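Residue-level listing of the chains:
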Amino acid sequence: MPKVLLTGGSGFIAAHVLDQLLERGFDVVTTVRSEEKGDKILAAHPNTPKEKLSYVIVKDVAQDGAFDDVWIYSLRFGSISIWSYLLINEKAVKSDPPFDYVLHTASPFHFNVQDPVKDFLDPAIKGTTGILKAIKAYAPTVKRVTITSSFAAIINPKNHEKVYSEKNWNPVTWEEGLDSSNTYRASKTLAEKAAWDFVEKEKPNFDLATINPPLVLGPVVHYLSSLDAINTSNARISGLVRGFNKDAIPPTGTFLWVDVRDVALAHVRTIEVSEAGAQRFFITAGHYSNKDIIDIIRDAYPELDDRLPPKDAPGDVPKDVYGYDNSKSTQVLGLKYRGLKESVVDTVKTLLENGA
Ligand code: NDP
């Protein structure tokens, strides 16, 4: 079976990608930042043989050579410097049998911006160019690399398009990205641009596809240590279910969403469908608002009513903000999007199972 390197296996989206890859018979090696995280993934798949699923450690994708895994020590004896090369691991992008595809999901996603460059821009941009360079140098069998980009790389918040599609690019600059309100969006935009530039200039053996989802909701199948560690995009549903917004409906923010299982399938389809090469895919199920989410929760879980904002609380309405065109994802990748009700009901179920 074809073999896939999946980066960021501990993440919310990657957990679903991993499961769908295994279900469809792919062999998978995933990168994680620690042995503990890797062992949790293996423990969650007790019946999967190790030749089908294993992990390698890539501690920080922002580091130069993060995917090369060659650690260099300089030893000094008096005035003489001796270089000693210590190979800690196989190169992350090398495997036996070798990889056919790479899915790069690892990138920081939260809104706690302390140092925009160190915490976001570097891991997103250097993480992306770093893995592309390593694949070009050490993994000539890789045919396609799919990068998890974002609607953040499409949206133009200062001057919305009437209808967003893959043709649109966020015009955000590096300098604007240093302002914490723009940092995440800049990290995704500049990382995706860097990837397309790399392929154009370096002409590697592989081609590129990107997956550009807006807010991703859906069941938590990843390896959650506590509800406080919930991934960023599910935090709004988690907050509602835990009674953090009893007084009012919080602003919706971005008015487009998609279920994580559809995002995961989109990743897998990019490696199954040959025409997916050299394409961006805008992956969205459509409009939603926080009020829609709350109404679904109240209806499906009446016992949670006293944790939710009042029934008559006003909410913002998405309809006239901007439109979307997701036709490429349905036509090329064959996606059929889940509805908001199914997604929210399934998400709440897993949150309650995790102690909400
Ligand atoms: P998670 O936070 O759950 O996953 C992020 C993953 O990236 C984790 O595995 C994390 O590792 C890893 N990671 C972050 N920084 C580094 C680093 N410096 N070095 C190595 N690994 C790192 O978020 P999601 O699953 O939601 O996000 C996955 C991808 O999808 C990201 O690229 C994100 O931008 C993109 N995306 C997400 C959307 C959403 O709504 N969820 C919407 C659009 C795009 P660790 O667990 O060890 O921290």
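Above this note sits the structure.
For every chain, the first residue of its written sequence is number 1, and the numbers climb from 1 along that sequence. Local features in this predicted model are restricted to residues of pLDDT 70 or higher, and side-chain atom pairs are both shown and tallied only at a pLDDT of 80 or more, whereas totals for entire chains, interfaces and linings draw on every residue. Excluded from the side-chain calculations are hydrogens and water; all other atoms, namely the structure's heavy atoms, are used.

Draft legend 1. Quick look at the side chain of Thr 350. Helical segments are the DSSP runs of H or I of at least four residues, strand segments are the runs of E of at least two, and each set is numbered from the N terminus. Structurally, Thr 350 can be placed in helix α10 (residues 340-353). The exposure class assigned to Thr 350 is buried, which follows from its relative accessible area of 10%. Excluding its chain neighbours within four sequence positions, the residues that come into contact with Thr 350 are Pro 219 and Val 220. Here's how the labels work: a residue is buried when its accessible area is under 20% of the maximum for its type, exposed when over 50%, partly exposed in between, all with a 1.4 Å probe on protein chains only. It only takes one pair of heavy atoms within 4.5 Å for two residues to be counted as in contact.

Draft legend 2. Up close: the site of the ligand. As a structural note, the neighbourhood of the ligand is formed by 27 residues, with Ser 10, Arg 33, Lys 37, Tyr 184 and Lys 188 the closest of them. Polar contact criterion, stated in full: a pair of N or O atoms within 3.5 Å, where within protein one must be able to donate a hydrogen and the other to accept it, and residues adjacent in sequence count only if both atoms are side-chain atoms. Take Gly 11: an N or O atom from its main chain is 3.2 Å from an oxygen atom of the ligand. Contacts to the ligand include Ser 233, whose side-chain N or O atom sits 2.9 Å from a nitrogen atom. Each accessible area is a Shrake-Rupley estimate made with a 1.4 Å probe; only the visible protein chains count as cover when residues are assessed. Contact with the protein chains covers 89% of the free accessible surface of the ligand, which is 890 Å². Only heavy atoms are used to decide nearness, and a residue is near a molecule or strand if one of them lies within 4 Å of it.

Draft legend 3. Representation of helix α5 (residues 183-202). How far a helix is expected to stretch is found by multiplying one less than its residue total by 1.5 Å. With 20 residues, α5 extends 27 Å between its outermost C-alpha atoms, agreeing within 8% with the 28 Å of an ideal straight helix rising 1.5 Å per residue. Along α5, 14 of the 20 residues are buried, which leaves the element largely enclosed by surrounding structure. Lys 203 occupies a position one or two residues after α5 and carries a positive phi of about 45 degrees.

Draft legend 4. Structural view of helix α3 (residues 116-138). The end-to-end C-alpha distance of α3 is 31 Å, a good match for the 33 Å that 23 residues give at a rise of 1.5 Å each. Two axes define the bend at a residue: one fitted to the seven residues ending there, one fitted to the seven starting there, and the bend is the angle between them. For α3, the principal kink sits at Asp 122 and spans about 45 degrees; a proline, Pro 123, occurs within the next four residues. For α3, the side-chain oxygen to backbone nitrogen distance between the N-cap and Val 117 is 3.1 Å, and the N-cap itself is Asp 115.

Draft legend 5. Representation of the packing of helix α1 (residues 12-23) against helix α7 (residues 260-272) in the model. To define axes, lines are fitted to C-alpha atoms, for helices over the stretch in contact only, and angles between the resulting N-to-C directions are given on a 0 to 180 degree scale. Packing of α1 against α7 leaves a shortest axis separation of 8 Å and a crossing angle of 55 degrees. In terms of axis orientation, α1 runs oblique to α7. α7 is crossed by α1, and the crossing has right-handed handedness. Side by side, α1 and α7 meet where Phe 12, Ile 13, His 16, Val 17, Gln 20 and Leu 21 of the first sit next to Val 260, Arg 261, Val 263, Ala 264, Leu 265, His 267, Val 268 and Ile 271 of the second. Should an angle lie under 35 degrees it is considered roughly parallel, over 145 roughly antiparallel, and from 65 to 115 roughly perpendicular; all remaining angles are considered oblique. Here is the rule for handedness: rotate from the far helix to the near one, and if that takes an anticlockwise turn smaller than a right angle the crossing is left-handed, while a clockwise turn gives right-handed.

Draft legend 6. Representation of the pairing of strand β7 (residues 144-148). Among the 5 residues of β7, 5 are classified as buried, and the element is accordingly described as predominantly covered. Alignment of strand β6 (residues 101-104) against β7, held across 4 bridges, turns out to be parallel. In the strand pairing of β7, His 104 is matched with Ile 147. Seen with its strands pointing away from the viewer, a crossover is right-handed when the path leading from the first strand over the helix to the second is clockwise. Read as a crossover between parallel neighbours, the route from β6 over α3 to β7 is right-handed. What makes two strands pair is DSSP finding at least two bridges between them. Strand direction decides the pairing type here: β7 and strand β9 (residues 207-212), joined by 5 bridges, are parallel. Paired with Val 145 across the strands is Leu 208, a residue of β9.

All we've got here are geometric facts, nothing functional implied.
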